[in-house]
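Fold and contact review
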Protein chains: 2
Amino acid sequence: MVDFIYHNPTKIVFGKNKESLIGAEIAPFGVKKVLLCYGSERIKSDGLYKKVTDSLVKEGIAWVELGGVVSNPKLSKVKEGIALAQKEHVEAILAIGGGSVLDSSKTIAVGALVKNDVWDFFIGKVAIEKALPVFAVMTLAATGSEMNGFAVVSNEETKQKYSIHSEHIYPKVSILNPELTKSVPNDYLAYSAVDIIAHVIEGYFTASTQPHFQSRMVESIVKTVMESTEILLQNPEDYNARAEFMWAATQALNGSTTAGTNPSGFPNHMIEHSLSALFNIAHGAGLAIVIPAWMQWFKNQNHAQFERFSKEIFGLDSVDEGILALKNWFAKIGAPVHLEEASISKNEISAIAENAAQTAVVWGMNAVYTKHAIEDILHNA
Amino acid sequence: MVDFIYHNPTKIVFGKNKESLIGAEIAPFGVKKVLLCYGSERIKSDGLYKKVTDSLVKEGIAWVELGGVVSNPKLSKVKEGIALAQKEHVEAILAIGGGSVLDSSKTIAVGALVKNDVWDFFIGKVAIEKALPVFAVMTLAATGSEMNGFAVVSNEETKQKYSIHSEHIYPKVSILNPELTKSVPNDYLAYSAVDIIAHVIEGYFTASTQPHFQSRMVESIVKTVMESTEILLQNPEDYNARAEFMWAATQALNGSTTAGTNPSGFPNHMIEHSLSALFNIAHGAGLAIVIPAWMQWFKNQNHAQFERFSKEIFGLDSVDEGILALKNWFAKIGAPVHLEEASISKNEISAIAENAAQTAVVWGMNAVYTKHAIEDILHNA
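Some remarks on the overall build of chain A
A count of helical and extended segments in chain A gives 15 helices and nine strands. The C-alpha radius of gyration computed for chain A amounts to 20 Å, which stays within 12% of the reference 21 Å derived for 381 residues, consistent with globular compactness. Its C-alpha atoms give chain A principal-axis dimensions of about 60 × 45 × 45 Å. Per-residue burial over chain A gives 61% buried out of 381 residues.

If you want it as structure tokens, here you go:
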């Protein structure tokens, strides 16, 4: 096992109606005013906004609002939030939504306390030294952002989708009520399932040191996600399946599956970020296209682990059968598995690879992931 | 899934020689003087004491010492530590050892800040409201105390082995260096394996709501412990097996396997505590005797889960075969599985049951675990 530090201080409050407790969870931090960050206005019609703000009022916590955060969250919206947070002197950021809202909130929490351009943190020009406390009420289970120190934002001008990581942006408290994810349509449920699986298999396949326990945790998450996704596509009302799906999503990227391993980056995420940056497709949809293509390209570099995956997840003996089974499962739940299905022509491969190769430099993965290598991978899709 | 709160702020620093970092981990808390709590004087001959104190010196942290903590840690020693901590005005407790040393340290951390008898917290007479910060350098992997808010202490006068739980006694930082567990003899390695398995299967079998993901986590821990124990009994030098064993021990009782479940107590621990309180046998040895007996007694109350266990862990179809397989595995690694093997005569069963029935009252389990029921269980052993 590789030496590691595991420290995840986020408090998870999980269950029905727990969003009503958010005020009581924020109050002990001495916060008197928050920036309430959200996506669509739907939360004002479906009652969530009222439940959350009622709990803030109850604790005497004031708020200002930043709505309109979209998926593949944009730097321009983040900068709008930073300006508002500074002007209004908020003491914390409260995210209500999915990963995009939370990632925007984390970035605002960092940017609100500095004078420099917040993008400097994404390109590694400046190190993150502090942030406003972040709180979250999740309405989507996918990114794991509710219990980690990552945030991903897209820069529309430069067409770059980059990420930051810092101990300072772990949410202090994240409320996870599986019932709030009911409004997620089936296609996004499928994309979320792909995203969760991607989070755990990136390390599972790329780590040169992979303890058995961590492999078993990854397999437990993949099995749980596949099982609960199939139940939810049939019956969106199944609370237990929603709860299993939501908790698996959190476990998938909270550091527990990679403790003691040495994953060599997130190649599938890296390549997918270029797809969503250039074509604005859903992150999970892009991953469903990239993953089987990447697995075919990478399989011989860790053959034993690919064999283990085929056996443990699908009960299959051959690596190729396992990769095909995963690809077929993505297709079965309604995710695209070829570029064409996302209306991306093969002629775009060079441009995508060019963009991803830039990310590879920032992520320190350019030794292996050259433009040429990324083109080879994308030609499998 | 049942509603839950998951919040585990302990920082784990895992790997070779990490004990040299303990001073640097304590310093940021502004601590200038600690009570260094340990068991045998061996740490002064094997170099561990020097590495730890050198790192304290480096950070300008002073210390006073409390050695001689024994397994099934005694209240009298804890009280000695509380008096010393108060007299010397220490600002934190540093445990160097296994679960017994850490549990004693946690209890001293609570007792040092109050005037009342610390046993009042164990019998539920007084609630824990604060504690000195606790730090740990582990030399044994078993109890999971390094990443939870539990402490178990034995009251020699009343022959009671009781526990406390509080958010205030989670260690701030726990150093886990698998190499420090090399000195553990094979019999104690076996007892530790039984203890770890016990920690996860108590909830696994008694929870009326048991999500698939949590069951899979438990099975992952049990498989990892069995696998690494067999490797270590053959080759104590196998670092990876030590690391897998140690991390599995921590995961087994840090709250992650029970999040979302509703275990109905720790019946095997409850009954075993009477064995070790009355006969001072090793906790893991007592558990190896109690568990198969309890499983036989309890199996029909959660038959499906017992079937799942037999299938997942041993590939067996019948519940009885699974229970026998676990019992045989305990025996195979050198743990006692009958009272006689611990030189406890059947005539003692009534006295053990009497003692355990008292604990059942304190643990709120007396509705099911009457003296008579506990006698029935022990007659299976």
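The structure having been displayed, the exposition proceeds.
Overview of the sheet that holds strand β5 (residues 92-97) of chain B
Two modes of strand pairing occur in sheets, parallel and antiparallel, and in both the strands are linked by backbone hydrogen bonds. Spatially, β1(A)-β2(B)-β9(B)-β6(B)-β5(B)-β3(B)-β4(B) is the arrangement adopted by the seven strands of the open sheet, whose pairing is mixed. Pairing within the sheet leaves two strands with one partner each, and these edge strands are β1 (4-6) of chain A together with β4 (62-66) of chain B. Going from strand to strand, the sheet's axes swing by 15 degrees on average, the running direction of each strand aside. Here strand β3 (residues 33-38) of chain B pairs with β4 of chain B via five bridges, running parallel. Each bridged residue has a counterpart across the sheet, and for Cys37 of chain B the counterpart in β4 of chain B is Leu66 of chain B. The strands touched by helix α3 (residues 48-58) of chain B are β3, β4, β5 and β6 (134-138) of chain B; relative to β4 of chain B, the strand with the most contacts, the crossing angle is about 150 degrees.

Some remarks on the interface of chain A and chain B
Facing the 35 residues of chain A at the interface are 35 residues of chain B. At the boundary of chain A with chain B, total buried surface from both sides reaches about 3200 Å², with 58% on carbon and sulfur atoms. Linking chain A with chain B are four salt bridges. Notably, a salt bridge pairs Glu227 of chain A with Arg216 of chain B, separated by 2.8 Å at the nearest N-O pair.

Things to note about the relation of the copies chain A and chain B
Once turned by 180 degrees and shifted 0.0 Å along the axis, chain A lies on chain B with an RMSD of 0.0 Å. The operation mapping one copy onto its partner corresponds to a two-fold rotation axis. Among all residues of chain A, the minimum C-alpha distance to the rotation axis is found for Pro9 of chain A, at 2.2 Å. Looking at chain A, 100% of its interface residues are interface residues in chain B too, so the copies touch through the same face.

What about the sheet that holds strand β5 (residues 92-97) of chain A?
In space, the seven strands of this open sheet follow the order β4(A)-β3(A)-β5(A)-β6(A)-β9(A)-β2(A)-β1(B), with mixed pairing throughout. Both outer strands of the open sheet, β4 (62-66) of chain A together with β1 (4-6) of chain B, are each paired with one neighbouring strand and no more. The mean inter-strand angle of the sheet, taken between neighbouring strand axes irrespective of direction, is 15 degrees. On the sheet, helix α5 (residues 99-111) of chain A packs against β3 (33-38), β4, β5 and β6 (134-138) of chain A and is oriented at approximately 170 degrees with respect to β5 of chain A. Docked against the sheet, helix α9 (residues 239-252) of chain A engages β2 (11-14), β6 and β9 (173-176) of chain A together with β1 of chain B, running at close to 170 degrees with respect to β2 of chain A.

Here we look at the pairing of strand β8 (residues 160-165) of chain A
Bridge count for strand β7 (residues 150-155) of chain A against β8 of chain A is six bridges, and the pairing is antiparallel. Bridge assignment links Val153 of chain A to a residue of β8 of chain A, and that residue is Tyr162 of chain A.

Regarding the packing of aromatic side chains
Per the stated rule, a full pass over the model turns up 40 aromatic pairs over all chains. Ring centres of Phe4 of chain A and Trp247 of chain B lie 4.9 Å apart, and the angle between their planes is 70 degrees; this geometry places the pair in the edge-to-face category. One end of the pair, Phe4 of chain A, is in strand β1; the other, Trp247 of chain B, is in helix α9 (residues 239-252), on a second chain. In this pair, the class of Phe4 of chain A matches that of Trp247 of chain B, namely buried. In this structure an aromatic cluster arises from ring pairing among Tyr204, Phe205, Trp294, Trp297, Phe298, Phe306, Phe309, Phe314 and Tyr369 of chain A. Directly above the aromatic system of Tyr239 of chain B lies the positively charged group of Lys16 of chain B, at a separation of 4.4 Å from the ring centroid. Over the ring of Tyr49 of chain B we find Lys44 of chain B; its NZ or CZ atom is 4.7 Å from the centre of that ring.

Concerning the side chain of Gln251 of chain B
Along the polypeptide, Gln251 of chain B turns up in helix α9. Assessed through its relative accessible area of 4%, Gln251 of chain B is described here as buried. With residues near it in sequence (within four places) discarded, Gln251 of chain B still touches Phe213 of chain A together with Met217, Ile221, Ser256 and Thr257 of chain B.

What to know about helix α3 (residues 48-58) of chain A
Residues and elements named next belong to chain A. Listing the buried residues of α3 in full gives Leu48, Tyr49, Val52, Thr53, Ser55 and Leu56. For α3, the angular spread of buried residues about the axis comes to 155 degrees, placing them on one side. Projecting away from the buried face of α3 at angles above 90 degrees are the exposed residues Lys50, Val57 and Lys58. Where α3 is buried, its residues meet α1 (22-26), β3, α2 (42-45), β4, β5 and β6. With its phi angle positive at about 70 degrees, Gly60 sits one or two positions after the end of α3.

With respect to empty space enclosed by the protein
Taken as a whole, this structure holds four cavities of 30 Å³ or more when the rule is applied. Computed from the structure, the largest cavity encloses a volume of approximately 80 Å³. Here the lining of the largest cavity is composed, by residue class, of five nonpolar, six polar and no charged.

The rules behind these values
Residues numbered from 1 in each chain as written. Chains lettered and ligands numbered in written order. Predicted model: local features only at pLDDT ≥ 70, side-chain atom pairs only at ≥ 80, totals over all residues. Heavy atoms only, no water. Helix = DSSP H or I, 4+ residues; strand = E, 2+ residues; numbered from the N terminus. Rg over C-alpha atoms; globule rule 2.2 N^0.38 Å. Buried < 20%, exposed > 50% of the residue type's maximum accessible area, 1.4 Å probe, protein only. Pairing = 2+ DSSP bridges. Axes fitted to C-alpha atoms, helices over the stretch in contact; angles between N-to-C directions. Contact = heavy atoms within 4.5 Å. Buried area = accessible area lost by both parts, 1.4 Å probe. Salt bridge = Lys/Arg side-chain N within 4 Å of Asp/Glu carboxyl O. Least-squares fit on C-alpha atoms with pLDDT ≥ 70 in both. Phe/Tyr/Trp six-rings, centres within 6.5 Å; stacked < 30°, edge-to-face > 60°. Lys NZ or Arg CZ within 6 Å of the ring centre and 35° of its normal. Arc of directions from axis to C-beta. 1 Å grid on protein atoms, 1.4 Å probe; cavity = no way out; pocket = protein on both sides within 12 Å on 5 of 7 lines; lining within 4 Å. Points joined across faces, edges and corners; volume = space filled by probe spheres on them. Nonpolar A, V, L, I, M, F, W, Y, C, P; charged D, E, K, R; others polar.

So far we have only geometry, and geometry alone does not tell us how the molecule works.
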